[in-house]
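# Structural overview for review
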Amino acid sequence: MRTYSLIAPAKINLYLEILGDRPDGFHELVMVMQSIDLADQIDLRANGTDVFRLHCDHPQVPKDESNLAYRAAALMQQQFPAAFARFGGAEITIHKRIPIGAGLAGGSANAASVLVGLDLLWELGLTQSELQELAAMIGSDIPFCVAGGTALATGRGEKLAPLVSLNQLYVVLAKYQSLSVSTPWAYKTYRQQFGHAYLTNPLDLEQRLQQVHSGPMINAIAHQNEAEIGQLLYNDLEKVVLPEHPKVAAIKDHFLTLRPLGAMMSGSGPTVFALTKTLEQAQQIEQQMRQAFPDPDLELWVTQFNSHGIRLAEPLI
């Protein structure tokens, strides 16, 4: 039975602005997403049966249809019944390295890996854009996770425009292991508190999107201006998450005292990150954070930006 082992990178948001509501109930967003080297490994092994079985070495990861990876497999079965009839199901094993409930798109990256892995197992020959179309059917972050790199994401996050790669930057991540933030809660709370300022006119929405396309953050990325990128980090969801979780706010505040390029909460949190130009700077900040926050519940990682999404670790026969 063939097995494919795939690397599924996490992502952070360098920019997240909430523009308004969408008819489908989601938010109209504009984001800059960045993949990083912190990654899960997903193994897919054909099992010669007509079922998918999900395994994970993390006890808090669900192993049923509530898991995005399982939903990705079910979608492929639905979309490609002839291939499923020919090749059958698979054992899907998630080796978890990305913290859960962290705002780092770990679940989305796992789902993207299943789409890519079944494409390989079933010899479908799908293009990246075809995989991203499938990905958008089950989650807003999953199309980005397929491609990775640096990208401007609009709509609910599924419309992607690749940007110049920033893989020379390093990042320090900090997250309390016992703390997670519900993404639906974060967006719902933001709507309750700031919905009065939402753009409702389609022309206003389009104008705001164009302003971001030609705005300071995109220009800073295009010119590889690392200092400016750090200064322009922006996340609307900080307005609701940080007041609710003072421990997260304290991490960000202390990061900033260590003079990185910039620091911000990623996505709906509660992970906070700091950007640096060099590995040595990142390691120094990690040490200083461990000294300032000796709580064993606080996890820290040093990693690097990368320019890829789901990639093959190695095919095994």
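This section reports on the structure supplied with the text. Each chain carries its own residue numbering, running from 1 in the written order of its sequence. Given that this is a predicted model, residues contribute local features only at a pLDDT of at least 70 and side-chain atom pairs are listed and counted only at 80 or more, while totals for whole chains, interfaces and linings are drawn from all residues. Side-chain calculation: all heavy atoms of the structure are included, whereas hydrogens and water are not.

Attention now goes to the pairing of strand β3 (residues 52–56). Covered by surrounding structure in β3 are F52, L54 and C56 only, the residues R53 and H55 on the alternate face being uncovered. When DSSP finds two or more bridges between two strands, those strands count as paired. Numbering of helices and strands runs from the N terminus; a helix is a DSSP stretch of H or I covering at least four residues, while a strand is a stretch of E covering at least two. As paired strands, β3 and strand β4 (residues 90–95) are joined by 5 bridges and run parallel to one another. When the bridges of β4 are listed, L54 appears paired with I92. Under the scheme applied here, a residue whose accessible area is under 20% of the maximum for its type counts as buried, over 50% as exposed, and between as partly exposed, the area being computed with a 1.4 Å probe on protein chains only.

Glancing now at the side chain of Q132. Take Q132: it is sitting in helix α4 (residues 128–136). Between two residues, a contact is recorded if the distance between any of their heavy atoms is within 4.5 Å. Setting aside its immediate chain neighbours within four residues, Q132 contacts P143, V146, A147 and L160.

To continue, consider the packing of helix α1 (residues 68–79) against helix α3 (residues 106–121). The convention used is that axes are lines fitted to C-alpha atoms, helices contributing only their stretch in contact, and that angles between N-to-C directions extend from 0 to 180 degrees. Running from N to C, α1 and α3 point in directions that differ by 30°, and their axes come no closer than 7 Å. As the angle between them shows, α1 and α3 are arranged roughly parallel. The two elements α1 and α3 cross, and the hand of that crossing is right-handed. Between α1, through L68, A69, A72, A73 and M76, and α3, the contact on the second element is made entirely by G107, S108, N110, A111, V114, L115, L118 and D119. Working definition: roughly parallel below 35 degrees, roughly antiparallel above 145 degrees, roughly perpendicular at 65 to 115 degrees, and oblique for all remaining angles. Should the near helix be turned anticlockwise from the far one by less than a right angle, the crossing is termed left-handed; should it be turned clockwise, right-handed.

Between the first and last residue of a helix there are one fewer steps than residues, each counted as 1.5 Å, and that sum is the expected span. With 12 residues, helix α6 (residues 183–194) ought to run about 16 Å at 1.5 Å a step, and its terminal C-alpha atoms sit 16 Å apart, in line with that. Every buried residue belonging to α6 is among A186, Y187, T189 and Y190, and all of these are buried. Axial view of α6: buried residues confined to an arc of 165°, hence all on one face. Looking at α6, the residues exposed on the side facing more than 90 degrees away from the buried face are P184, K188 and Q192. Each direction from the helix axis to a C-beta atom contributes to the arc, which is the arc of those directions.

Below, the discussion takes up the sheet that holds strand β9 (residues 262–265). If you trace the 4 strands from one edge of the open sheet to the other, you get β9-β10-β7-β11, paired in antiparallel fashion. Each of the sheet's edge strands pairs with one partner strand only, and the pair in question is β9 and β11 (298–304). For this sheet the average axis-to-axis angle between neighbouring strands, irrespective of direction, equals 20°. Sitting on the sheet, helix α11 (residues 246–257) touches β7 (170–176), β9, β10 (272–276) and β11, and the angle it makes with β10 is about 10°. Across the sheet, helix α12 (residues 279–292) lies against β7, β10 and β11, angled at about 175° from β11, the strand it touches most.

Moving on, we come to the pattern of salt bridges. A side chain with one charge may pair with a side chain of the opposite charge, provided their charged atoms come close. Whenever Lys or Arg places a side-chain nitrogen within 4 Å of a carboxyl oxygen from Asp or Glu, that contact is recorded as a salt bridge. Evaluated as defined, the whole model comprises 12 salt bridges. For K252, the salt bridge goes to E238, with nearest N and O atoms at 2.9 Å. In this pair, K252 is assigned in helix α11 and E238 in helix α10 (residues 238–244), connecting sequence segments 14 residues apart. Residue E238 is classed as buried on the basis of its relative accessible area, which comes to 12%. Across the pair R290 and E286 runs a salt bridge whose closest N-O atoms are separated by 3.0 Å. With R290 and E286 both in helix α12 and 4 residues apart, the pair spans about one turn of that helix.

Mapping S108 onto the fold places it in helix α3. By relative accessible area, which is 10% here, S108 ends up buried. Setting aside anything within four residues of it in sequence, one finds S108 in contact with L68, D141, I142 and C145.

A few words on the packing of α11 against α12. Between α11 and α12, whose axes approach to 11 Å, the crossing angle comes to 130°. Classed by the angle they form, the pair α11 and α12 counts as oblique. Two packed elements cross with a definite hand, and for α11 against α12 that hand is right-handed. Across from I251, H254 and F255 in α11, the residues of α12 making contact are I285, Q288, M289 and A292. Asp, Glu, Lys and Arg are counted as charged, while Ala, Val, Leu, Ile, Met, Phe, Trp, Tyr, Cys and Pro are counted as nonpolar; the rest, among them Gly, fall into the polar class. Across the contact of α11 with α12, the residue classes break down as 5 nonpolar, 2 polar and no charged.

Right, let's get into the packing of aromatic side chains. Any Phe, Tyr or Trp ring, taking Trp's six-membered ring, that has another such ring centre within 6.5 Å forms a pair; planes under 30 degrees apart are called stacked, those over 60 apart edge-to-face, and the others tilted. Tallied over the entire structure, the rule returns 6 aromatic pairs. Clustering of aromatic rings is evident, with ring pairs tying together F52, F84 and W122. Should the NZ of a Lys or the CZ of an Arg lie within 6 Å of a ring centre and within 35 degrees of the ring normal, that charge is described as sitting over the ring. Positioned above the aromatic ring of F26, the side-chain terminus of R156 is 5.3 Å from the ring centre. Seen from the ring of F194, K239 lies directly overhead, with NZ or CZ sitting 5.4 Å from the centre.

Moving on, we come to the environment of Q304. For Q304, the location among the structural elements is in strand β11. Along the backbone, Q304 and L179 are 125 residues apart, and their C-alpha atoms lie at a distance of 24 Å. In contact with Q304, not counting residues within four places along its chain, are I36, D37, N167, Q168, L169, Y170 and V171. Contacts described as polar in this section are N or O atom pairs within 3.5 Å, which, within protein, must combine one atom able to donate a hydrogen with one able to accept it, while residues neighboring in sequence count only if both atoms come from side chains. Side-chain polar atoms of Q304 contact the backbone oxygen of N167, separated by 3.0 Å.

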